[in-house]
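Coordinate analysis (summary)
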Amino acid sequence: MKRNGTSKVIFAVLFIAVLVGHFWTMLRWNEARGVYDDICYLRQAHLFQRFGLAGGFDTNLALDDDDYLKAKLKEIDYPNWDDTTDAPCHNLMPATGKVVVQYPPGIGLVLALFPRGHQVVPMYMMATVVVFGFALFALSIARTARSILMAGTFGCLAIYLMVNPVKASYSMAPTVVVCALAGCLTARWLASPQSQPRIGLLASVGFLLGLTVDFRLANLFLASGYGMFLLVAFLAERTMSRFLQGAVFGIALLAGVMPTIVSYAVNAGSPFASTYGNNPDVRPLDFSFAVIRDYLADPLQTLLLIIGIAGSIWLLRQANGLRRVAQLTITNLVMNLAFFFTYPIATPYYTIPISLLTLWSLLFAFLFQEEAKDAPEAAAAWAKAR
């Protein structure tokens, strides 16, 4: 037991070291690194700060009468910074006649929580602290040398990822935070005995996964495996309980996506019309070995996917609670990879959310199961001591 305590302290110190190193790096960041997407996220945040929660959803370029967008484009030496009709990541909506930001509003809402000019660094710092907290929580409930090693190693990796590759897109920082929380709740939902009520946990997971869609539309696929898992469970049993689980998850997911639906209604003229318009980056799905090679050539994404697949297969051979988590993660991995491997653009961060959601779910499922087994022994020892 003393050795386990020492191991936990060592890993906790490593967590803090990575966290401090990240903070030192983040303090030197600026908000004009030349990435067009950054400007659009910041403009959405500016609109929320200027017009409030209700008015901020309208991203019409006609509202840029304070020249915020022009100033941001000029700051990064954009060639036609004074011609907003050529603004990047903005599209004309035929139904409304508006030229609007193409991205969902979630990142803008998060950035709007921080003062103008000092938004990105605090957002990343806060996100990193939350991930650090989950890593410490996982380490604290680990009971054996093996689980401490798993929690400690993955904790270091999860914190490290908050700079590389999470910095690549502002949409990633809130996404990976929600993945950590959703993974923890997923494990608590499925790893607990079937006799215990879990509707509240399922609703929370659905709502959280819905929120991720407000950060990146592709995050909708994070919920695909959950939907398939619940559908198969209902078809296997055909009970009212199973039906209610699916209904609760769907309603909660829809509630989480509501900001994006409102944004579409305001900007595109319909809750079912996308603000991406004719963006050339939005392409039809097409299976290509070239895309798969691009992902396999990325050591980090490949490593995380291999660990997620291997961990899921290993837990498939375990007790019922762990097996259920593994069945869900395998399903989710397959459905997400089916999308990303057929989408003709590969980036260094596209598969990071599904990998982290998978690995947090697997880790917490193992730790909660270990904790549940240890509880009766601890109770018996305490009773004997009395």
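Structure: above.
Overview of the structure.

Reading the values: rules and limits
Residues numbered from 1 in each chain as written. Predicted model: local features only at pLDDT ≥ 70, side-chain atom pairs only at ≥ 80, totals over all residues. Heavy atoms only, no water. Axes fitted to C-alpha atoms, helices over the stretch in contact; angles between N-to-C directions. Helix = DSSP H or I, 4+ residues; strand = E, 2+ residues; numbered from the N terminus. Parallel < 35°, antiparallel > 145°, perpendicular 65-115°, else oblique. Contact = heavy atoms within 4.5 Å. Nonpolar A, V, L, I, M, F, W, Y, C, P; charged D, E, K, R; others polar. 1 Å grid on protein atoms, 1.4 Å probe; cavity = no way out; pocket = protein on both sides within 12 Å on 5 of 7 lines; lining within 4 Å. Points joined across faces, edges and corners; volume = space filled by probe spheres on them. Disulfide = S-S within 2.5 Å. Buried < 20%, exposed > 50% of the residue type's maximum accessible area, 1.4 Å probe, protein only. Core = buried A, V, L, I, M, F, W, Y, C linked by side-chain atoms within 4.5 Å. Expected span 1.5 Å × (residues − 1). Bend = angle between axes of the 7 residues up to and from the residue. Pairing = 2+ DSSP bridges.

1. Side note on the packing of helix α1 (residues 2-26) against helix α5 (residues 120-141)
- The interhelical angle for the contact between α1 and α5, taken along N-to-C directions, is 175°, at an axis separation of 11 Å. By the angle class used here, α1 and α5 are roughly antiparallel. Contact with α1, carried on its side by Lys8, Phe11, Ala12, Phe15, Ile16, Leu19, His22, Phe23 and Met26, involves Val121, Tyr124, Met125, Thr128, Val129, Phe132, Ala135, Leu136, Leu139 and Ser140 of α5 and no other residues of that element.
- For the contact of α1 with α5, a count of residues per class yields 15 nonpolar, three polar and one charged.

2. Description of empty space enclosed by the protein
- Taken as a whole, this structure holds one cavity of 30 Å³ or more when the rule is applied.
- By volume, the largest cavity amounts to about 30 Å³.
- Val131, Ala158, Leu161, Met162, Val176, Leu356 and Trp360 are the residues that line the largest cavity.
- Here the residues of the lining of the largest cavity are counted per class, giving seven nonpolar, no polar and no charged.

3. What to know about the state of the cysteines
- In total, this model carries one disulfide according to the counting rule given.
- The disulfide partner of cysteine 40 is cysteine 89, and the S-S distance across this bridge is 1.8 Å. Because the sign of the S-S torsion sets the handedness, a value of about 85° for the bond joining cysteine 40 and cysteine 89 places this disulfide among the right-handed ones. Taken as a pair, cysteine 40 in helix α2 (residues 36-55) and cysteine 89 in the loop between α3 (68-75) and β1 (90-93) lie far apart in primary sequence, 49 residues in all. Residues cysteine 40 and cysteine 89 agree in their burial class; the two are buried.
- With no disulfide of its own, cysteine 156 lies 19 Å from the sulfur of cysteine 184, the closest cysteine sulfur.
- Looking at cysteine 156, the relative accessible area reads 17%, which means it is buried.
- Its sulfur unpaired, cysteine 179 is 13 Å from the next cysteine sulfur, which belongs to cysteine 184.
- In this structure cysteine 179 comes out as buried when scored by relative accessible area, which is 2%.

4. A closer look at the nonpolar core
- Judged by nonpolar contacts, the single largest core of 103 residues is most densely connected at Leu209, Trp360 and Phe364.
- Contact partners of leucine 209, with chain neighbours within four places excluded, come to Ala182, Leu222, Ala223, Tyr226, Phe249, Leu253 and Leu357.
- Grouped together as the second largest cluster of nonpolar side chains are seven residues, Ile39, Leu61, Leu69 and Leu73 included.

5. Observations regarding α2
- Look at α2: only 23 Å from first C-alpha to last across 20 residues, short of the 28 Å you get at 1.5 Å a residue.
- The principal kink in α2, of about 80°, is found at glutamine 49.
- Along α2, the residues that are buried comprise Asp38, Ile39, Cys40, Tyr41, Leu42, Arg43, Gln44, Ala45, His46, Leu47 and Phe48.
- Check the buried side of α2 and you find it contacts α3, β1, β2 (98-101), α4 (106-111) and α5.

6. Here's the deal with the pairing of β1
- Sheet analysis places β1 next to β2, joined by four bridges and oriented antiparallel. Across the sheet, the residue bridging to methionine 93 is lysine 98, located in β2.
- As consecutive antiparallel partners, β1 and β2 are separated by four residues, and within that stretch glycine 97 has a phi angle of approximately 75°, a positive value.

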